[in-house]
Amino acid sequence: MKTWKKRTKAVHAGIRRSQYNEVSEAIYLTQGFVYDTAEDAEARFIQSGDDEFIYARYGNPTIAMFEDRMAAMEGAEDGFATASGMAAVSGALTSMLRAGDHVVSARALFGSCLYILDEVLTRFGVEVTFVDGTDLAAWEAAIRPDTKAVFFESVSNPTLEVIDIAAVSKLAHAVGAVVILDNVFATPVFSDAIVQGADVVVYSATKHIDGQGRALGGIILGTKEFIRGTVEPYMKHTGGSMSPFTAWMMLKGLETIELRVRAQAETAGLIAAALAADGDLAQVIYPGLDAHPQNALTKAQMGAGGTVLSIDAGSQAAAFKLLNALDIFTISNNLGDAKSIATHPATTTHQRLSEETRASLGITPGLVRLSVGLEDPDDLLADLRAAIAGL
Ligand SMILES: *Cc1c(COP(=O)(O)O)cnc(C)c1O
């Protein structure tokens, strides 16, 4: 399996067949497991093997298949599946940090990630320094000899800044800090983050991994020591685990993720190029466009621009008019879905932030985030052009 390409791993890695040799992954809807004898129970609590389970809060065959498949795809030693992307982000950070620790984080973050770093960790005595993630000098200045972890989104939500994983990892590793990466926008398909230097990679499986808007989920990927020694004890006792049914849905999502995400990214690239050439919008932001400030880094780091672009309609009124005129794009706040979705970050996902913070992050009143789905590219472009023409 080690020599398989990612696309093959996405279909086959981690499979565990029961005595019936089923083709499709079985759903083990059980929270507990029976021991033949009291001695067996005692032995399993002392040391359980790879294929032995105790309680679904920290192990179940269907969940283990999902964890193993994701670890194989990402090139990580192990993984721990979580109830949501936020359970993964908060679990990765809180499991390893204690009062007095120092963390450096990129400032441009998904609203809930910012809440964890800015409000939760600081409440428990962790010191957090925020930097402009694209500015390597800022990372270098902020990382201290006692820095325990750095955190960033490899592609920021919704302004699509791309952060240099290798360069930031090098700075972090020089002081022994752990690199924790929220890799949602890169997707497992375009990620090579562990090779590039990340120690811990976190996904919201709600996005491209499910990809069909059905369930919340997440995963923390890293070394066996970090996942089983640091993350598992914390998650096991705090309870943010994935359900077996969700793990099964995510396994089914992974089977098609390569085809979906590559098609979505190709369409996103076509739409971004066409809208930029039309010249009717204040801004078209897409990491795959030559004009994007980190386009060269994007190509080297991900090999593609991803499935999301952002456009600026000029004002909130224009953005609302555009959103309300869209026919195929639905107004919602998920992303990575088969259905194309349009979001107005300033009044929804990033509403909680002050106007100054939003301005400093580039979340303008006219900004609209477009998650490109699996519909026909011509239909999507026509939908957008008609809405833009009405402005
Ligand atoms: C959606 C998202 C999350 C949170 O994931 P949930 O599954 O909704 O909890 C975290 N980080 C990023 C970048 C996201 O887009």
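This is a predicted model, so every value here is computed, not measured. Here the residue index of a chain counts from 1 through its sequence in written order. Local features in a predicted model are, by the rule used here, given only for residues with pLDDT of at least 70; side-chain atom pairs are given and counted only at 80 or more, and totals for whole chains, interfaces and linings are based on all residues. Hydrogens and waters are ignored; side-chain quantities use all the structure's heavy atoms.

Draft legend 1. Focus on helix α7 (residues 165-173). Within the sequence span of α7, burial applies to Ile165, Val168, Ser169 and Ala172. Down the axis of α7, the buried set is contained in an arc of 100°. They therefore lie on one face. Only protein chains enter the accessibility calculation, which uses a 1.4 Å probe; a residue whose area is less than 20% of its type maximum is buried, one above 50% is exposed, and one in between is partly exposed. By definition, any uninterrupted DSSP run of H or I lasting at least four residues is a helix, any uninterrupted run of E lasting at least two residues is a strand, and each is numbered from the N terminus. By construction, the arc corresponds to the directions joining the helix axis to the C-beta atoms.

Draft legend 2. View of the packing of helix α4 (residues 85-96) against helix α10 (residues 224-238). Here α4 crosses α10 at 105°, and the two axes come no closer than 9 Å. As the angle between them shows, α4 and α10 are arranged roughly perpendicular. Across the interface between the two elements, Ala87, Gly91, Ala92, Thr94, Ser95 and Met96 from α4 touch Phe226, Thr230, Val231, Tyr234 and Met235 from α10. Of the residues belonging to the contact of α4 with α10, the class tally is 7 nonpolar, 4 polar and no charged. Note on definitions: angles span 0 to 180 degrees between N-to-C directions of axes, and those axes are lines fitted to C-alpha atoms, for helices only across the stretch in contact. Relative orientations are named as follows: roughly parallel for angles under 35 degrees, roughly antiparallel for angles over 145 degrees, roughly perpendicular for angles from 65 to 115 degrees, and oblique for any other angle. When checking whether two residues touch, look at their non-hydrogen atoms; a contact exists if any pair is within 4.5 Å. Residue type decides the class: Asp, Glu, Lys and Arg count as charged, Ala, Val, Leu, Ile, Met, Phe, Trp, Tyr, Cys and Pro as nonpolar, and the leftover types, Gly among them, as polar.

Draft legend 3. A look at the sheet that holds strand β3 (residues 127-131). With mixed pairing, 7 strands are arranged side by side in an open sheet as β1-β7-β6-β5-β4-β2-β3. The open sheet has two edge strands with one neighbour each: β1 (78-82) and β3. With direction set aside, neighbouring strand axes in the sheet form an average angle of 20°. Sheet contacts for helix α3 (residues 61-74): β1, β6 (200-204) and β7 (218-222); angle to β1, the most-contacted strand, approximately 130°. The rule for pairing is simple: two strands pair if DSSP sees at least two bridges between them.

Draft legend 4. Structural detail: the pattern of salt bridges. A pairing counts as a salt bridge when a side-chain nitrogen of Lys or Arg comes within 4 Å of a carboxyl oxygen of Asp or Glu. Applying the stated rule across the entire model yields 17 salt bridges. The partner of Glu25 in a salt bridge is Lys252, with the nearest N and O atoms 2.9 Å apart. With Glu25 in the loop between α1 (6-12) and α2 (38-46) and Lys252 in helix α11 (residues 244-278), the pair connects residues that are 227 residues apart, well separated along the chain. For Glu25, a relative accessible area of 4% corresponds to the buried category. For the salt bridge of Lys299 with Asp290, the shortest nitrogen-to-oxygen distance reads 3.7 Å. By relative accessible area, which is 64% here, Asp290 ends up exposed. Salt bridges here are not isolated pairs; linked through shared partners, they connect Glu67, Asp78, Lys224, Arg228 and Glu232.

Draft legend 5. Representation of the environment of Glu25. On a C-alpha basis, the gap between Glu25 and Trp248 in space is 7.1 Å, while along the polypeptide they are 223 residues apart. Not counting chain neighbours up to four residues away, the residues in contact with Glu25 comprise Val11, Ile15, Met65, Arg69, Trp248, Leu251, Lys252 and Glu255. Polar contacts, as counted here, are pairs of nitrogen or oxygen atoms within 3.5 Å of one another; within protein the pair requires one atom able to donate a hydrogen and one able to accept it, and residues that are adjacent in sequence qualify only if both atoms are side-chain atoms. Within the local environment of Glu25, its side chain forms a polar contact with the side chain of Arg69, the two groups lying 2.8 Å apart. A polar contact is formed between the side chain of Glu25 and the side chain of Lys252, at a distance of 2.9 Å.

Draft legend 6. Representation of the packing of aromatic side chains in the model. Any Phe, Tyr or Trp ring, taking Trp's six-membered ring, that has another such ring centre within 6.5 Å forms a pair; planes under 30 degrees apart are called stacked, those over 60 apart edge-to-face, and the others tilted. In this structure the tally under the stated criterion is 4 aromatic pairs. Arranged with centres 5.6 Å apart and planes meeting at 35°, the rings of Phe33 and Phe53 form a pair that is tilted. One end of the pair, Phe33, is in the loop between α1 and α2; the other, Phe53, is in the loop between α2 and α3, with 20 residues separating them in the sequence. Ring geometry for Tyr35 versus Phe45: centroids 6.4 Å apart, planes at 65°, classification edge-to-face. Taken together, the residues span a long stretch of sequence, with Tyr35 in the loop between α1 and α2 and Phe45 in helix α2 at a distance of 10 residues. On the basis of relative accessibility, which here comes to 22%, the residue Tyr35 falls in the partly exposed class. When its relative accessible area of 55% is taken as the criterion, Phe45 is described as exposed. Here, a charge over a ring is recorded when the distance from Lys NZ or Arg CZ to the ring centre is within 6 Å and its angle to the ring normal is within 35 degrees. Looking at Lys207, its charged tip hangs above the ring of Phe110, at a distance of 5.3 Å from the centre.

Draft legend 7. Structural detail: the pairing of strand β9 (residues 308-312). Buried residues dominate β9, accounting for 5 of its 5 residues. Going residue by residue along β9, you find Val308, Ser310 and Asp312 tucked away on one face and Leu309 and Ile311 tucked away on the opposite face as well. One ladder, built from 3 bridges, connects strand β8 (residues 283-285) with β9; its direction is antiparallel. If you follow Val284 over to β9, its bridge partner there is Ile311. As defined by bridge partners, β9 adjoins strand β12 (residues 367-371) across 5 bridges and the pair is classed as antiparallel. From the neighbouring strand, Leu309 faces β12, where its bridge partner is Leu370.

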